[in-house]
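Structural features, examined
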Amino acid sequence: MAQFFDLHSHMLCGVDDGAKTVEEMFSMLEMAYEDGVRALCLTPHYSPYLFGDTSQKSAESFEILKKYVSEKHSDMRIFLGHELGYHRSGLDALNEGICRSIAGSRYVLVDFPEAVDFFELQSAMDQLQRAGYFPILAHTERYRCLFKQIRWIENFVDNGGTVQLNASSVNGGWGRGAQKQWKKLIKLGLAHIIASDGHNLTTRPPLISVCIPYLRKHCDERTIRQLTWDNPCRVVRDELI
């Protein structure tokens, strides 16, 4: 079985729009484990306007899941971060440690509304990079403003930006536009990390294997491993991709 590192997951219970109960959290963990996930970063939303300050709640839920993993799956490692729903005070929250980077690294998972204005997204990425962070653009395939901005994505990558894709998008999970963009970014070699962005057991499950058949048709095994294991490992080790 392939071994995956899921760097983007909303498995922590009672924190955001992910798992609602401890039981659902454990069930999602088991689903991911059966899928081949052996390393996992829990990235609850940090978006105070939607979910309030999730720092304390996520830390408490993480400890519950950490204990479960240590008892059930000794071959699995878990890490904690946040998915920053970018807003004007987001940089302050990062600098103060209220919003967590990925496993304490310089990498920050950053999210925007799907209909975000291109210049707003561009400005936010520039601000984070100037502040010394390494932004990971969450589910890059979903932003409609980037469908015709491949040149900007190339520049973003050249300047140290990291592109994350959701595994489910390859099968149209986020619409035809996102599906087309997903495949384009893979074929152009502009993707770094594929993650599940799992939220529940049904409509948004924590699965990565769903994209492997497509990847095997268009990528070599070394590239697949980089997307699903090596590059996420570099993130939590705070190494350059």
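Just above sits the structure.
This write-up is about the structure you can find in this document. (Residues numbered from 1 in each chain as written. Predicted model: local features only at pLDDT ≥ 70, side-chain atom pairs only at ≥ 80, totals over all residues. Heavy atoms only, no water.)

What about the pairing of strand β1 (residues 4-9)?
Here is the rule: Only protein chains enter the accessibility calculation, which uses a 1.4 Å probe; a residue is then buried when its area is under 20% of its type maximum, exposed when over 50%, and partly exposed in between. Counting from the N terminus, the helices are the DSSP runs of H or I reaching at least four residues and the strands are the DSSP runs of E reaching at least two. Strands were regarded as paired on the criterion that DSSP finds at least two bridges between them. Whether a crossover is right-handed depends on one test, that the path from the first strand over the helix to the second runs clockwise when the strands point away from the viewer.
β1 sits mainly inside the fold: 6 of its 6 residues count as buried. In terms of strand pairing, β1 meets strand β2 (residues 37-42) through 4 bridges, oriented parallel. Across the sheet, F5 pairs through a bridge with A39, a residue of β2. Considered for its hand, the β-α-β crossover made up of β1, helix α1 (residues 22-35) and β2 is right-handed.

A look at the layout of surface pockets
Heads up, the condition is: Put simply, the grid is 1 Å and covers the protein atoms alone, a cavity is a trapped set of points that fit a 1.4 Å probe, a pocket is an open set with protein on both sides within 12 Å along at least five of seven lines, and lining residues have an atom within 4 Å of a point. Grid points are joined across faces, edges and corners, and a volume is the space filled by probe spheres set on the points. Classes in brief: Ala, Val, Leu, Ile, Met, Phe, Trp, Tyr, Cys and Pro nonpolar; Asp, Glu, Lys and Arg charged; the others, Gly included, polar.
In this model, the largest pocket occupies a volume close to 260 Å³. As for the largest pocket, its lining consists of 19 residues, of which H45, D111, F112, P113 and R142 are closest to the centre. Of all the secondary-structure elements, those providing two or more residues to the lining of the largest pocket are α2 (48-51) and β5 (83-85). Tallied by class, the residues present in the lining of the largest pocket amount to 5 nonpolar, 7 polar and 7 charged.

Here we look at the sheet that holds β5
Quick reminder of the rule: Note on contacts: a residue pair qualifies if any of its non-hydrogen atoms lie within 4.5 Å across the two residues. Between the N-to-C directions of two axes lies an angle of 0 to 180 degrees, each axis being a line fitted to C-alpha atoms and, for a helix, fitted only over the stretch in contact.
Strand order across the open sheet formed by 6 strands is β3-β5-β6-β7-β8-β9, with parallel pairing between neighbours. Each edge of the open sheet is held by one strand with a lone partner, namely β3 (45-46) and β9 (193-195). Inspection of the sheet shows β3 paired to β5 by 2 bridges, in the parallel sense. Bridging across to β5, Y46 finds its partner in L84. Helix α6 (residues 150-158) contacts β7 (134-137) and β8 (162-166) of the sheet and is inclined by roughly 120 degrees relative to β8. Relative to β8, helix α7 (residues 176-187) is tilted by about 135 degrees, and along the sheet it contacts β8 and β9.

Examining the environment of E154
Counting through the fold element by element, E154 comes out in helix α6. The class for E154 is partly exposed, based on a relative accessible area of 29%. Along the chain, E154 and L190 lie 36 residues apart, while their C-alpha atoms are 6.9 Å from each other.

A short note on the sheet that holds β2
One open sheet holds the 3 strands; their spatial order is β1-β2-β4, and the pairing between them is parallel. Both outer strands of the open sheet, β1 and β4 (77-80), are each paired with one neighbouring strand and no more. On average, each strand axis in the sheet is tilted by 15 degrees relative to the strand beside it, whichever way the strands run. Against the sheet, helix α3 (residues 55-72) touches β2 and β4, its axis set at about 175 degrees to β4.

Observations regarding α1
Spelled out, the test is: Helices are assigned an expected span. That span is 1.5 Å times one less than the residue count.
Its 14 residues place the ends of α1 20 Å apart at the C-alpha level, agreeing with the 20 Å of an ideal helix rising 1.5 Å per residue. Taken together, the buried positions of α1 are E24, M25, M28, L29, A32, Y33 and D35. Where α1 is buried, its residues touch β1, β2 and α3. Once α1 finishes, G36 follows within two positions and takes phi at roughly 110 degrees, a positive value.

Some words on the side chain of T228
The residue T228 is located in helix α9 (residues 221-236) in this model. Taking the relative accessible area as the measure of exposure, T228 reaches 2% and is therefore buried. Apart from residues no more than four positions distant in its own chain, T228 is found in contact with Q3, F4, F5, I208 and I212.

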